[in-house]
Amino acid sequence: MTYETVIGLEVHVELGTKSKIFCSCDTSFGAPPNSHVCPVCMGSPGVLPVLNEEALRLGMKAALALNCQVRTDSKFDRKNYFYPDSPKAYQISQYDEPIGEQGYVEIEVNGEKKRIGITRVHLEEDAGKLNHSPFGDGSFVDFNRVGIPLIEIVSEPDLRTPEEARLYLEQIKAIMQYCEVSECKMEEGSLRCDANISLRPYGQEAFGTKAEIKNMNSFRNVERGLEFEQQRQEKALTRGEVIVQETRRFDEATGSTISMRGKEDAHDYRYFPDPDLPRIIVSDAFLTACQEEIPELPAAKRERFMQAYGLPAYDAGVLTTSRFLAEFFDATAQQVSDPKAASNWLMGDVLAYMNASGESIEAIRVTPTQFADLIGLIEDGTISTKIAKTVLKTMLDSGKAPKQIIEEQGLVQISDVDALTAIAKAVIERNPAAVQDVLEGKEKAIGSLVGQMMKETKGKANPAVVNQLLKDLILS
Amino acid sequence: MIDFRKGLRALQKALQQGEVTPQDLVLHSLTTIEEQDSVIQAFLRTESHVAKQRAQVVTSTVTTREDNVLAGIPYALKDNMCYEGVETTCASKILAGYIPPHTATAAHRLDHAGGILIGKVNLDEFAMGSTTENSAYFSTHNPWHPDYVPGGSSGGSAAAVAAGMVPYALGSDTGGSIRQPASFCGVVGLKPTYGRVSRFGLVSYASSLDQIGPITNSVEDAAIVLSAIAGFDERDATCANVPVDDYVGALTGDVKGLRIGVAAELMGEGIDERVRNAVQKAIDLLQSLGATVVPIHLPHLSYAIATYYLIAPAEASSNLARFDGVRYGYRAPQADNLLSMYSKTRSAGFGDEVKRRILLGTYALSSGYYDAYYKRAQQMRTLIAQDFQQAYEHVDVIVAPTSPVLPFRLGEASDDPVTNYLIDICTIPVNLAGLPAISVPCDVVEGLPVGLQIIGNMFDEATILRVADTYEKHSPFAALREAKWGGAAQ
Ligand SMILES: [Zn+2]
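Residues numbered from 1 in each chain as written. Chains lettered and ligands numbered in written order. Predicted model: local features only at pLDDT ≥ 70, side-chain atom pairs only at ≥ 80, totals over all residues. Heavy atoms only, no water.

## Some points on the overall build of chain B
Phase 1 of the analysis: Along the backbone of chain B there are 16 helices and eleven strands.
Phase 2 of the analysis: Taken over the C-alpha trace, chain B has a radius of gyration of 21 Å; the compact-globule value for 490 residues is 23 Å, and the two agree within 12%.
Phase 3 of the analysis: Oriented by its inertia axes, the alpha-carbon framework of chain B measures out at about 65 × 55 × 45 Å.
Phase 4 of the analysis: The buried share among the 490 residues of chain B stands at 63%.
Phase 5 of the analysis: Here the contacts in chain B between residues at least 6 apart in sequence split such that 76% fall between residues at least 24 apart.
Phase 6 of the analysis: A total of about 16900 Å² of accessible surface is found on chain B, and carbon and sulfur atoms cover 52% of it.
Phase 7 of the analysis: Here chain B contributes 38 positively and 52 negatively charged side chains, and the mean placements of these two sets differ by 3 Å. (Helix = DSSP H or I, 4+ residues; strand = E, 2+ residues; numbered from the N terminus. Rg over C-alpha atoms; globule rule 2.2 N^0.38 Å. Buried < 20%, exposed > 50% of the residue type's maximum accessible area, 1.4 Å probe, protein only. Contact = heavy atoms within 4.5 Å. Areas by Shrake-Rupley, 256 points an atom, 1.4 Å probe, with all protein chains shown as cover. Lys, Arg positive; Asp, Glu negative; His and termini not counted. Charge placed at Lys NZ, Arg CZ, Asp CG, Glu CD.)

As structure tokens, this is what we get:
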């Protein structure tokens, strides 16, 4: 029997507010333990939460960008549980009235568009972080993360492969970044993902028993963890075993998933409306402002890049993964006659340079206009492709304009036949064998002569002009 | 000669005329506590050092701030309100030794007005109870008769004021905890509208019902203290941004034309006849002063106790979950693991009544029971609030007894918690509806005070203060009180 995989993701995204959701503590990452805390987020007796409007604004933007129907009148609930990472012994979350419902995102699988449903988007506060002593002498809790605003995005069980799950997650990340809702750094925990996965025989409508997979801390590990779990369940089912509903932890070292706890350990969270917080009423003006702050989203941008600039789907996809990269390309493309050339340079040399220097594209020192100028100088033959590589590197190093670099380093391409004739004659003189080959119709032999010309001119000679000049001199 | 019972205006005048200094008032307070508190046991702790220092600091504000009645005058705080650097226990073992890093907004505003904190007073543990016998430390006694309870849960606040140890105190009221002890101790207690006074710094019992208010010697004093503590606070999202009326200016001494509602449901069965008679006399007096008495109905009132004992414990079960021994307060020794640390800490740290309400609330919120209990209680709460709103279409205030019974002896309360819960029948509906209400003494029966409750419409503290003040000026209680304390205050 063959099985169909069914996956749904629960994604937590930290909202990029300056301060926490219910107090004024700093949210920046990497501070010493328990340095970003106050009586409110520490759950001291007698303190009360007050909603940070910025968290609501970002949450609303996210819900709108995910095509959700948003609630303009919702509420916060308490999710009660005892654990040292939760100073109040409850988490302020949203239970039955999330800010967003019935949304979707589109992913592209093998060139086909697929719509993935979003069940709900809700606001909540993050919990603290437990650090267990490696010496087994205790556990330590860091409350810096307590109260950092989160949205939880729950997908419909619409994903069918681990690859789709990764594509969906990348799409969520791109949308959040485009909307400036979150930086979505998985390595810092500002994007976290749990997955529900089950298998069912093809054609069967009812879902199989699911496992929840936790601790997949990178895009690649989400795919790996789900691939492992898919195979594990498939093997078990093929052997006639029964899948137990449980929570499993992804182990990065072995690439496998390990059982954490069964269904019987499930909590009763005793949700009820938080009496310390009034209902969340969103005015029309607030909602309109959120709506207006949502930029052109990655899917629409990709479409436009293909239409307006004639880019292949692959290029459009790569260039729109980051809003900055997309906008950089967009600005460049409007100033050049060959946007595909700009795309090649950007995806090739520029991204390779940024990768090698360990910087993100946002750190680029070149402006789109400078970059467009470089493309123009290649097109009009002022510099060769080879020289352009050198110029681009200098641009990326220094932020200088390409014309200035060319001038300073004397890199202008020599296309002047008169200037090249003397050198060409000398090269012909020194290489009678190659000349003979050319005369005998061995076209390739011209290559070595061109190479010598380039060497003589330190690469500045225009290869096309040189090629023609040599042919003219030898064959005439 | 200092007598705190003569009221805040008299103290302000004495201070301004240089007859006394803030230091004198602090010393008088500390001396009275020393003399009387071995019997009354209102104070969990005094902060004599801090108070003496504060007295020096605020001396200058006494003369320069004419309009500020509270400058240089001591007060006491119920020990469920935080004050920076001062131990706050909620009369529970679980918070023993806890020193908060923050001050409750209400206390902060009193300090801003020049007030001087003398100390923290006793309560039923986490404000759960009506006798102050549920304190983990000791029971407080009624100054009118030390064999009797002072009421609760703000029993320490009411007893301290009644005994003349402080001119006023703050209490908190979730189901009657300001009004009932005020009634039992023969003083004035005001529970403001929910949201009128910030709850920031008040250790939550039931967040949707809790409200801080003053316990004072007179209605005018209640108006003065309320003026100082009322108003919007950005640190409490449930604190209303509604303008604060001129409460002192509202005391016109006149009730002519006011419509006074009397609900059969609050004057009938279950009300001690002696209490009913005293309240009826008060109603007659108000009528003779020009008010109109209008019979009203509050049809859902019989559900109030059940409603309250689902909502309040549900909220409490969640609010008190943070006392887990991890970050502050008591932690049980010799726990083997996390779960045993939690259960040992909470088993030893909480008293029986607190545990009972946590269990009750946990049950009411549990999966499968939520709809039947908590949700239905919320629906009933809405109906009760609507009953009052409909009544206020015809009346300006509603009067009722504060407590259906006279003060009783310590240890006399029933072993059956449900019977005890019933004695809050007159006060609980007011919290459920979020309304303001004041208890003003109206009689003394068999040597024990009786309180008249005046319940107002939302944010209409001004009218209940006006009615209470007018009543107080004509009430026979002043003479009865004089007879009781006549020579007591030195
Ligand atoms: Zn904080």
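## Describing helix H15 (residues 463-475) of chain A
Residue and element names in this part refer to chain A.
Phase 1 of the analysis: The end-to-end C-alpha distance of H15 is 18 Å, a good match for the 18 Å that 13 residues give at a rise of 1.5 Å each.
Phase 2 of the analysis: Listing the buried residues of H15 in full gives Val465, Val466, Leu469, Leu470 and Ile474. For H15, the angular spread of the buried residues around the axis is 150°, confining them to a single face. Counted as exposed and oriented over 90 degrees from the buried face of H15: Ala464 and Leu475.
Phase 3 of the analysis: Of the surrounding elements, those touching the buried residues of H15 are helix H12 (417-430), helix H13 (432-439) and helix H14 (445-456).
Phase 4 of the analysis: If you check the start of H15, you find a side-chain oxygen 3.1 Å away from the backbone N of alanine 464, and it comes from asparagine 462. (Expected span 1.5 Å × (residues − 1). Arc of directions from axis to C-beta. Polar contact = N/O pair within 3.5 Å; in protein donor to acceptor, adjacent residues only side chain to side chain.)

## Quick notes on the interface of chain A and chain B
Phase 1 of the analysis: On the chain B side, the residues contacting the 29 residues of chain A number 39 residues.
Phase 2 of the analysis: Summed over both sides, the interface between chain A and chain B buries roughly 2600 Å², with carbon and sulfur atoms accounting for 61% of that surface.
Phase 3 of the analysis: At the boundary of chain A and chain B, one finds one salt bridge.
Phase 4 of the analysis: Here aspartate 276 of chain A ties to arginine 199 of chain B by a salt bridge, and the two come within 3.0 Å at their closest N and O atoms.
Phase 5 of the analysis: Connecting chain A to chain B are 15 residue pairs in polar contact (both at pLDDT 80 or more).
Phase 6 of the analysis: Those elements that provide at least two residues to the side of chain A that touches chain B are strand E4 (77-80) and strand E15 (272-273) of chain A. (Buried area = accessible area lost by both parts, 1.4 Å probe. Salt bridge = Lys/Arg side-chain N within 4 Å of Asp/Glu carboxyl O.)

## A look at the side chain of lysine 20 of chain A
Residues and elements named next belong to chain A.
Phase 1 of the analysis: Tracing the backbone through its elements, the reader meets lysine 20 in the loop between strand E1 (3-14) and helix H1 (53-65).
Phase 2 of the analysis: Among buried Asp, Glu, Lys and Arg side chains, lysine 20 stands out as unpaired, with aspartate 142 the closest opposite charge at 7.6 Å.
Phase 3 of the analysis: In this structure the side chain of lysine 20 is engaged in a polar contact, spanning 3.0 Å, whose partner is the backbone oxygen of asparagine 144.

## Focus on the pattern of salt bridges
When charged atoms on two side chains of opposite charge get close, those side chains can pair.
Residue and element names in this part refer to chain A.
Phase 1 of the analysis: Per the counting criterion, the structure on display carries 58 salt bridges over all chains.
Phase 2 of the analysis: Here lysine 301 ties to glutamate 296 by a salt bridge, and the two come within 3.2 Å at their closest N and O atoms.
Phase 3 of the analysis: The network of salt bridges with shared partners includes Glu14, Asp126, Arg145 and Arg192.

## Overview of the coordination of the zinc ion
In an ideal octahedron of six donors the angles at the metal are 90 or 180 degrees, and in an ideal tetrahedron of four donors they are 109.5 degrees.
All names here are of chain A.
Phase 1 of the analysis: Taken together, Cys23 (SG), Cys25 (SG), Cys38 (SG) and Cys41 (SG) make up the full set of protein donors to the zinc ion, lying 2.3 to 2.4 Å away.
Phase 2 of the analysis: With four donor atoms in place around the zinc ion and angles of 101 to 113° between them, the coordination shape is tetrahedral.
Phase 3 of the analysis: Each donor residue of the zinc ion lies on one chain, and together they are spaced C-x1-C-x12-C-x2-C. Of the two residues, cysteine 23 is situated in the loop between E1 and H1 and cysteine 38 in the loop between E1 and H1; the sequence distance between them amounts to 15 residues. Residues cysteine 23 and cysteine 38 agree in their burial class; the two are buried. (Donors = N, O, S within 2.8 Å, 3.2 Å for Na, K, Ca; no water. Tetrahedral: all angles 85-135°; square planar, octahedral: opposite > 155°, others 65-115°.)

## A look at the domain arrangement of chain A
Phase 1 of the analysis: Partitioning chain A into structural domains gives domain 1 (3-288), domain 2 (296-409) and domain 3 (417-475).
Phase 2 of the analysis: A straight line from the C-alpha centre of domain 1 of chain A to that of domain 3 of chain A covers 65 Å. (Domains from an automatic or database assignment.)

## So, empty space enclosed by the protein
Phase 1 of the analysis: Scanning all chains against the criterion turns up five cavities of 30 Å³ or more.
Phase 2 of the analysis: Taken as a whole, the largest cavity encloses approximately 110 Å³ of empty space.
Phase 3 of the analysis: Lining the largest cavity are 17 residues; nearest its centre among them are Phe22, Val40, Cys41, Pro49 and Lys88 of chain A.
Phase 4 of the analysis: Considered class by class, the residues forming the lining of the largest cavity number eleven nonpolar, two polar and four charged.
Phase 5 of the analysis: Estimates place the volume of the second largest cavity at around 80 Å³.
Phase 6 of the analysis: As for the second largest cavity, its lining consists of Ala127, Gly129, Ser130, Gly152, Gly175, Gly176, Ser177, Tyr205, Tyr308, Tyr309, Arg357 and Asp424 of chain B.
Phase 7 of the analysis: In terms of residue class, the lining of the second largest cavity is made up of four nonpolar, six polar and two charged. (1 Å grid on protein atoms, 1.4 Å probe; cavity = no way out; pocket = protein on both sides within 12 Å on 5 of 7 lines; lining within 4 Å. Points joined across faces, edges and corners; volume = space filled by probe spheres on them. Nonpolar A, V, L, I, M, F, W, Y, C, P; charged D, E, K, R; others polar.)

## Some thoughts on the sheet that holds E15 of chain A
Neighbouring strands of a sheet are bound in pairs by backbone hydrogen bonds; such pairs are parallel or else antiparallel.
Residue and element names in this part refer to chain A.
Phase 1 of the analysis: Strand order across the open sheet formed by three strands is E5-E4-E15, with antiparallel pairing between neighbours. Looking at strand neighbours, the two that pair on one side only are strand E5 (90-93) and E15, the edges of this open sheet.
Phase 2 of the analysis: Pairing geometry for E4 and E15, over two bridges, is antiparallel. Looking at the pairing, aspartate 77 lines up with proline 273 of E15. (Pairing = 2+ DSSP bridges.)

## Describing the packing of aromatic side chains
All names here are of chain B.
Phase 1 of the analysis: All told, the structure shown has 25 aromatic pairs over all chains when counted by the stated rule.
Phase 2 of the analysis: Ring geometry for tyrosine 98 and tyrosine 328: centres 5.1 Å apart, planes at 50°, overall tilted. Residue tyrosine 98 is found in the loop between strand E2 (74-78) and helix H4 (105-112), and its partner tyrosine 328 is found in the loop between helix H9 (304-319) and helix H10 (338-349); the two are separated by 230 residues along the sequence.
Phase 3 of the analysis: Residue class for tyrosine 98 comes out buried when judged on its relative accessible area of 6%.
Phase 4 of the analysis: The positively charged end of arginine 5 is found above the aromatic ring belonging to tryptophan 485, 4.1 Å away from the centroid.
Phase 5 of the analysis: In this structure, arginine 235 is placed above the aromatic ring of phenylalanine 200, and the distance from its NZ or CZ to the ring centre is 4.0 Å. (Phe/Tyr/Trp six-rings, centres within 6.5 Å; stacked < 30°, edge-to-face > 60°. Lys NZ or Arg CZ within 6 Å of the ring centre and 35° of its normal.)

## A word on the nonpolar core
Phase 1 of the analysis: If you look at the biggest cluster of nonpolar residues, it comprises 128 residues, and the most contacted ones within it are Phe126, Ile454 and Leu465 of chain B.
Phase 2 of the analysis: Residue contributions to this core peak at eight residues, all from H9 of chain B.
Phase 3 of the analysis: Filtering out sequence-adjacent residues up to four positions away, phenylalanine 126 of chain B remains in contact with Cys90, Ser92, Ile94, Leu95, Val203, Tyr205, Leu320, Phe323, Phe350 and Val354 of chain B.
Phase 4 of the analysis: One finds Ala165, Ile172, Cys290 and Ala372 of chain A within the second-largest nonpolar core, a separate group that totals 100 residues. (Core = buried A, V, L, I, M, F, W, Y, C linked by side-chain atoms within 4.5 Å.)

## Observations concerning the side chain of arginine 302 of chain A
Residue and element names in this part refer to chain A.
Phase 1 of the analysis: One can find arginine 302 in helix H5 (residues 298-309).
Phase 2 of the analysis: Judged by relative accessible area, which is 14%, arginine 302 ranks as buried.
Phase 3 of the analysis: Residues in contact with arginine 302, not counting those within four places in the same chain, are Glu108, Lys113, Ala316, Gly317 and Thr320.

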